[in-house]
Amino acid sequence: MNLTEIFPYVPFTDAGFQGLLPFMALGIGGTLALILAPMKNGALLSRLFALITLIVSAICIIQLDGTKEMIGGVLIMSTKTSALMLALHMVGVFAIFLLSGEEKKEALLPESNALIVYSICGMSLLVSSHHLLFQFIAIEIMSLAIYVLVAMRRTHRTSAEAGMKYFVLGGLASATFLYGSALLYGSTGFFTLPEIAVAPASFLKTAGFCLVLGGLLFKVGAVPFHAWVPDVYEGASLPVTGFMAAAVKFAAFCVLANVAAAGLNASTSEAVTWILTIAAALTMAWGNFAALTQRGLKRLLAYSSIAHTGYLLVGVIAAGEGALSAGAPVALYLLFYAFATLGAFACLQALAPGSEDVPMDALAGRGLTHPFLGLGLTVFLFGMAGIPMTAGFIGKYLVFGAGVHTGHVPLVVLGVLTSVAAMYYYLRIVVTLYMKPVEANAPKPVLHWGAAVVTVLCLMTTLYYGVAPARIIAFFETL
Amino acid sequence: MLTVTHLPQVLALFLFVVGMLIVLLRRNTIVLLMGIELMLNAANLSLVAFARSQGQLDGQIMVFFVITIAAAESAVGLSILVNLYRNFGAVTTDRAQTLQG
């Protein structure tokens, strides 16, 4: 018996080496940013290094041509994964811009720039791997950085508590994912998803899929595994919350879509379909319902993010069951949602009076005194609500269209109805922005240049793709 | 039928369930971290036993990665725990309740 028979992960070739360059760049650059952070001018240096690292890594990704398989097919770099990784890098750059304005106000350490780079490295590994254990490692690289980012505000009690809650529940979810992959390995003899999908059915395989999906549903914040989302969003600082809502959800949904597609194509499809359908229905209903009663804007956006998880799950089911151009609707929805969320958090960052959750009254009348912020926040909220002429509408249209195409009409009806209910809490914010008088002793909004850049870019993309989405849809459908 | 080859799997399942119950029921966060370690090690045991019964090596090698990850995870967990103690003066979850799910 030779080595490759019992351990098929052969060392990478020259072609594979090129594919590993982005990950090496992220790892080395992140470490440099970490080393530079405690120095004099550390905040500036580490931010600069983190940005350079992300750009270098993005260039390495663009330079790749064709599909590359590395470490015995464990990591696959194709046009699709490259596009997803580039989107994640962009979110990372935006997050570093957002952090630059908040470091003093939120008592964040400069090391947070390095942590962003590390978590982007984990997310990039996550979207490019089809191997369950490498996905576990990637989830952990991503999550360990995020746990620290959440608990970073050391003097805030809410931050410490949110960090602990996220860590314990996240550890539970990771361990569940790992045990599920062990069961899948035991029942099929493979860790790679395509092979697991075609292996014969057994009780062990069904149980393994249930556990793996349970762990992933936690990471995306689906009901009934959603309890951490509002607490963590409230406890973390605004830029970190924006980063989590955009990037962590993006990466976790990419891997959930892969696993769900394997499960739905396999002989275990009935159990997997039931789990995903029930989770989608509960998530859409509860996320929107709970958001109606929230007072703080961070908690409101947390429940809104749970609701979006529900809509995305409909797309995941449709993609797994082989709707036209599988995966494109989910990827586009995630991209458009990422722009809307990052933009909304950039605006909130300027409008927030202190470092605790942003009360609704802090926005009163600000749409008239600060027209740019008001316009930005309005467009981003419309984007989340899915109002036509914004990118959010296109995303929702594609996801629900794919749902109808695969025959999940009840789920889509529920999705449309809950979207209408969601209009209430999005519009309530807009009404507060424009129709309430400014509070007498309210602190003035301060717009940092980083947040302004993010707002402008997100505003442009949200409006542009809302009006002219044809090219990006065509691009994602060819992947 | 249950045979000797199934024993490691039964033990792994037992450890996993015990770990999960600890995480869900206990109030002391240090014990919660121990519960997570127990769950990860249950998965490790399961992986090693499956790899052995299938005559493959990859399951066993992967366990090394998982052990490394578990070590990193407890380092991060303990530092978050120290932070929690500094803010609340306790490491039990019922003392740290300013946020409500």
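Residues numbered from 1 in each chain as written. Chains lettered and ligands numbered in written order. Predicted model: local features only at pLDDT ≥ 70, side-chain atom pairs only at ≥ 80, totals over all residues.

Residues and elements named next belong to chain B. Overall, the prediction assigns chain B a mean pLDDT of 88, with 91% of residues at 70 or greater. The element-level mean pLDDT for chain B is lowest in helix α3 (residues 58-88), coming to 91, with helix α1 (residues 7-25) highest at 94. Under the prediction, the complex receives an ipTM of 0.95, its pTM being 0.93. (pLDDT = per-residue confidence, 0-100. Helix = DSSP H or I, 4+ residues; strand = E, 2+ residues; numbered from the N terminus.)

What follows covers the interface of chain B and chain A. Between chain B and chain A, the contact holds 37 residues from the first and 36 residues from the second. Where the side of chain B that touches chain A is concerned, the elements lending two or more residues are α1, α2 (29-54) and α3 of chain B. Considering each element in turn, the side of chain B that touches chain A owes the most residues, 17 residues, to α3(B). (Contact = placed C-beta atoms within 7 Å.)

Residues and elements named next belong to chain A. Inspection of the secondary structure assignment puts Ser100 in helix α4 (residues 79-102). Along the backbone, Ser100 and Asp357 are 257 residues apart, and their C-alpha atoms lie at a distance of 19 Å. Among residues more than four places away in sequence, those in contact with Ser100 are Arg47, His448 and Gly450.

Turning to unusual backbone geometry, a few remarks are in order. All names here are of chain A. Here the residue pair Val223 and Pro224 is connected by a cis peptide bond, since its omega of 5° sits within 30 degrees of zero. With respect to the element layout, Pro224 can be found in the loop between α9 (203-220) and α10 (228-235). The residue Asn41 is not glycine, and still its phi comes out positive at about 60°. Within the secondary structure layout, Asn41 lies in the loop between α2 (14-36) and α3 (42-63). For Asn41, a count of 10 C-beta atoms within 10 Å corresponds to the exposed category. Phi at Met389 is positive, roughly 80°, even though this residue is not glycine. Mapped onto the elements, Met389 comes out in the loop between α16 (371-385) and α17 (391-405). Using a count of 14 C-beta atoms within 10 Å as the deciding quantity, one classes Met389 as partly exposed. (Buried ≥ 20, exposed ≤ 12 C-beta atoms within 10 Å, placed from the backbone.)

What follows concerns helix α7 (residues 157-188) of chain A. Residues and elements named next belong to chain A. Between the first and last C-alpha of α7 there are 46 Å, a value that for 32 residues agrees with the 46 Å anticipated at 1.5 Å per step. Of all 32 residues making up α7, 30 are buried, and the element is well covered by its neighbours. Trailing α7 by a residue or two, Gly189 shows a phi angle of about 85°, which is positive. (Expected span 1.5 Å × (residues − 1).)

The next subject is the environment of A:Ile139. Its location among the elements puts A:Ile139 in helix α6 (residues 132-150). C-alpha separation for the pair A:Ile139 and A:Leu216, spaced 77 residues apart in sequence, amounts to 9.6 Å.

Turning our attention to the packing of helix α12 (residues 269-291) of chain A against helix α13 (residues 297-320) of chain A. Residues and elements named next belong to chain A. As a packed pair, α12 and α13 sit with axes 8 Å apart at the nearest point and diverge in direction by 155°. Judged by the inter-axis angle, α12 sits roughly antiparallel to α13. You can see that α12 and α13 cross each other, and the crossing is left-handed. Contacts between α12 and α13 involve Thr273, Leu276, Thr277, Ala279, Ala280, Thr283, Met284, Gly287, Asn288, Ala290 and Ala291 from the former and Leu300, Tyr303, Ser304, Ile306, Ala307, Thr309, Gly310, Tyr311, Leu313, Val314, Val316 and Ile317 from the latter. Across the contact of α12 with α13, the residue classes break down as 15 nonpolar, eight polar and no charged. (Axes fitted to C-alpha atoms, helices over the stretch in contact; angles between N-to-C directions. Parallel < 35°, antiparallel > 145°, perpendicular 65-115°, else oblique. Left-handed = near helix turned anticlockwise from the far one by under 90°. Nonpolar A, V, L, I, M, F, W, Y, C, P; charged D, E, K, R; others polar.)

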